[in-house]
Amino acid sequence: METVETSISAGGRGVQPPPGRSGHRVVCDDSYMYVYGGYHPRHGPFRQALRLNLFTSEWEEVDSPETSSYSFSSGALTPFIPGDQESSDSFLGPCGVPGGGDDGGGPTACISHCMWKVGPQVMTLGGTGFPFGSTIGGTVHVLDVDGGTWSALGTSGQEPSPMYGQAARRQGEYVYVVGGTSGYAFTLDAHALHLPTRTWVQLHAHEQSHSCHKKNSLGGRYRAEIGVIDGRIVVVGGASALQVFALDTVPVLEGAGEPWRLEKTNPDPATGEFPRPRRAHAATQLGTDLYVCGGTDDEEVFDDVWRLDLATMTWRRLFSLPQPLYFHDCAVTPSGCLYVFGGVPELGGCEERSDKVYRVWLHAPPLLEAAWGALSHPRPSASHIKAMSSADLLQAGVPRSLTRRLSRPIRREKPPLM
């Protein structure tokens, strides 16, 4: 796993990359890693969407920097003053109505939310503001990555309750959402959003558990992760107020109306070991494999990376992160390159937040991707390629699908209603 040396795009005049953060979310396509939200003890919540160009390794602002404590245009960080934070969620409008509040920015519930990507749109759900639990999101918000504007998505059906720390996974036309907390109660509710019709379906209604309840392996939880295979949901880890959940036996939901049940997983065939219980880990899915990175059991912060084959329910230990992390996030490109960003490296009131980006290929890259990636090493080569026009690159034999990855300018205008 290598560290990505990032910089700021030519359009930004800042002198430093985005500050470290925790509780943010990331998603990837072949061109960019998109980041929204997060928290830093000295700089507060980040109501800001960023993207990292995966070829040039340059950061770009996607939405307006006016609602964030950091801006590329100034390169400066605004000190965090807790009393300045809002205490209510104002994102209740139908799709097409700005969903970021009166200032037009992103959701104030920008910590421990969930996020997924649909074409040129990044969507978020849930999350909390600061103080944690004071603002809890319950609306799906849509960021148009081409226009840099936010809107609220109008949905129907049995919507999930406002929560933060829930897990989400997109598979085909559905987004599956499980668990979360209101700040005092924990749930294992399961819902699915049908994207073409914007309709929510409740798959399972779970009795919320409070901190005074006894430990329960099928109990409600937050900061878990899920994998989905043919509509079958597998929950990995997470925590309640009383326990951090194990990964050797995991909750499984077969479909709508079915009960949760516990299923034993299989250990790594090479070592006979399972990953240790954890929460605040990161996970991403490629095909039928769920990749789980880092996390904590509240005694130790982990640096291990595991793969769970959702078809056979077998674990394999793969490699280690460059540093232990929790409350970080990860995502994988369609071609199979894993990216990890941010997180907390230590327990015990640590104010440090990682600003590092790490990447690794999960399998041998396709030949086209390998050739394209070779152009960006060393970095001066990337700068040289970026300076060439699209016509020059096309004439040199570079496919148009690759030249489009170099830069996709953001239109600073409101897109048409969805």
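Just above sits the structure.
In this report, the structure presented in the accompanying data block is examined. (Residues numbered from 1 in each chain as written. Predicted model: local features only at pLDDT ≥ 70, side-chain atom pairs only at ≥ 80, totals over all residues. Heavy atoms only, no water.)

Looking at the state of the cysteines
Disulfide: a covalent bond connecting the sulfur atoms of a pair of cysteines.
Then, in step 1: Summed over the entire model, instances satisfying the criterion amount to 0 disulfides.
Then, in step 2: Not part of a disulfide, Cys337 finds its nearest cysteine sulfur in Cys28, a span of 8.0 Å.
Then, in step 3: What makes Cys337 buried here is its relative accessible area of 4%. (Disulfide = S-S within 2.5 Å. Buried < 20%, exposed > 50% of the residue type's maximum accessible area, 1.4 Å probe, protein only.)

Details of the environment of Glu254
Then, in step 1: As for its placement among the helices and strands, Glu254 is situated in the loop between β21 (249-253) and β22 (261-264).
Then, in step 2: Owing to a relative accessible area of 37%, Glu254 belongs among the partly exposed residues under this scheme.
Then, in step 3: Expressed as a C-alpha distance, the spacing of Glu254 and Arg232, which sit 22 residues apart in the sequence, is 4.7 Å.
Then, in step 4: With sequence-adjacent residues up to four places away left out, Glu254 is seen in contact with Gly231, Arg232 and Arg261.
Then, in step 5: A distance of 3.1 Å separates a polar atom in the side chain of Glu254 from a polar atom in the side chain of Arg232.
Then, in step 6: Of the polar contacts made by the side chain of Glu254, one reaches the side chain of Arg261; its length is 2.6 Å. (Helix = DSSP H or I, 4+ residues; strand = E, 2+ residues; numbered from the N terminus. Contact = heavy atoms within 4.5 Å. Polar contact = N/O pair within 3.5 Å; in protein donor to acceptor, adjacent residues only side chain to side chain.)

Some words on the pattern of salt bridges
Then, in step 1: Under the criterion given, the structure shown has 15 salt bridges.
Then, in step 2: The partner of Arg25 in a salt bridge is Glu225, and the shortest N-O contact between them spans 3.3 Å. Of this pair, Arg25 sits in strand β3 (residues 25-28) while Glu225 sits in strand β19 (residues 225-229), and the two are 200 residues apart along the sequence. The two residues Arg25 and Glu225 agree in class, both being buried.
Then, in step 3: Between Glu225 and Arg169 there is a salt bridge whose closest N-O contact spans 3.7 Å. Of this pair, Glu225 sits in strand β19 while Arg169 sits in strand β14 (residues 167-171); the two residues are 56 residues apart in sequence, bridging distant segments of the chain. (Salt bridge = Lys/Arg side-chain N within 4 Å of Asp/Glu carboxyl O.)

A look at the side chain of Arg232
Then, in step 1: Along the chain, Arg232 falls in strand β20 (residues 232-236).
Then, in step 2: For Arg232, a relative accessible area of 14% puts it in the buried group.
Then, in step 3: Excluding its chain neighbours within four sequence positions, the residues that come into contact with Arg232 are Gly227, Val252, Leu253, Glu254, Arg261, Glu263, Leu310 and Met313.

Side note on the packing of aromatic side chains
Then, in step 1: On inspection of all chains with the given rule, the structure shows 9 aromatic pairs.
Then, in step 2: On the numbers, 6.5 Å between centres and 80° between planes, the contact of Tyr164 with Tyr222 is edge-to-face. On the criterion of sequence distance, the pair formed by Tyr164 in the loop between β13 (156-157) and β14 and Tyr222 in the loop between β18 (209-210) and β19 is long-range, its members being 58 residues apart. We note that Tyr164, like Tyr222, is buried.
Then, in step 3: Ring centres 6.2 Å apart and planes at 90° place the aromatic pair Trp306 and Trp315 in the edge-to-face group.
Then, in step 4: The rings of Tyr164, Phe186 and Tyr222 are connected pair by pair, giving a single aromatic cluster.
Then, in step 5: Over the face of the ring belonging to Phe46 we find Arg21, whose NZ or CZ atom lies 4.2 Å from the ring centre.
Then, in step 6: Sitting over the face of the ring of Tyr32, Arg51 holds its NZ or CZ atom 4.0 Å from the ring centroid. (Phe/Tyr/Trp six-rings, centres within 6.5 Å; stacked < 30°, edge-to-face > 60°. Lys NZ or Arg CZ within 6 Å of the ring centre and 35° of its normal.)

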